[in-house]
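Analysis of the macromolecular model
Residue-level listing of the chains:
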Amino acid sequence: MSVAAEKEQTERLLANVEAIEEVAGTLPSGAPGRSKLYDVADNLLDSAMPIRPVVAADLLELTEKTVRAWASEGVLLVSEQEPTMRLEPRRVHEVMHLVREIRRIGRTRGLLDEVHRRLSDQALLERVDLAESLDQVVRGEGTVVRSGTTIPE
């Protein structure tokens, strides 16, 4: 498939994912169709073909060199290395959201660092053990530890 055709197909797919997510976001949190719409968007991303760096660069409004650097830093995930590098579509979509948000608030410098920080924060928040620990803190359970000493409650 040509780069132009791949670009068009990927843009169409991501536009559909965005439209589904937008509609899902308008529904109340417990609405029956909300999670189903998000599942459909996830399924579309799961069925997407890996993305060439040149196509990802266009989607993210970055240079191909920057996209390749972000892939080597682990911000964009490489799904295929040979015969040509291809990127994981779900991560490109996720990073696309982050880049748009960061640019929307006026930050254009240090995009790599900001995106990397946000992805790291998100990964931490998705950890089950951290969620459990935060729930314990909210309930007032646990032990306060400071500078290697334990302070009784």
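All values reported here derive from a predicted model rather than from experimental measurement.

1. Describing the nonpolar core
The biggest cluster of nonpolar side chains holds 28 residues, and the ones touching the most others in it are V67, W70, L76, L87, V95 and V115. Contributions of two or more residues to this core are made by α1 (3–26), α2 (32–47), α3 (53–60), α4 (64–73) and α5 (89–104). Broken down by element, this core gets its largest block of residues, six residues, from α5. Not counting chain neighbours up to four residues away, the residues in contact with V115 comprise W70, V75, V95, L98, V99 and I102.

2. Notes on unusual backbone geometry
A negative phi angle characterises most non-glycine residues, just as the trans form characterises most peptide bonds. With an omega of -5 degrees, the peptide bond running from E82 to P83 counts as cis. Its location among the elements puts P83 in the loop between β1 (78–80) and β2 (86–87).

3. What about the pattern of salt bridges?
By the definition in use, this model includes 13 salt bridges. Here R86 and E6 are joined by a salt bridge, their closest N and O atoms 3.0 Å apart. Of this pair, R86 sits in strand β2 while E6 sits in helix α1, and the two are 80 residues apart along the sequence. Take R86: its relative accessible area is 18%, and that puts it in the buried class. Between E8 and R12 there is a salt bridge, with its nearest N and O atoms 3.1 Å apart. Residue E8 and its partner R12 are both found in helix α1; the two are separated by four residues, about one turn of the helix. Judged by its relative accessible area of 48%, E8 is partly exposed. Overall, R12 belongs to the partly exposed group, its relative accessible area being 47%.

Cut-off values and rules
Residues numbered from 1 in each chain as written. Predicted model: local features only at pLDDT ≥ 70, side-chain atom pairs only at ≥ 80, totals over all residues. Heavy atoms only, no water. Core = buried A, V, L, I, M, F, W, Y, C linked by side-chain atoms within 4.5 Å. Buried < 20%, exposed > 50% of the residue type's maximum accessible area, 1.4 Å probe, protein only. Helix = DSSP H or I, 4+ residues; strand = E, 2+ residues; numbered from the N terminus. Contact = heavy atoms within 4.5 Å. Salt bridge = Lys/Arg side-chain N within 4 Å of Asp/Glu carboxyl O.

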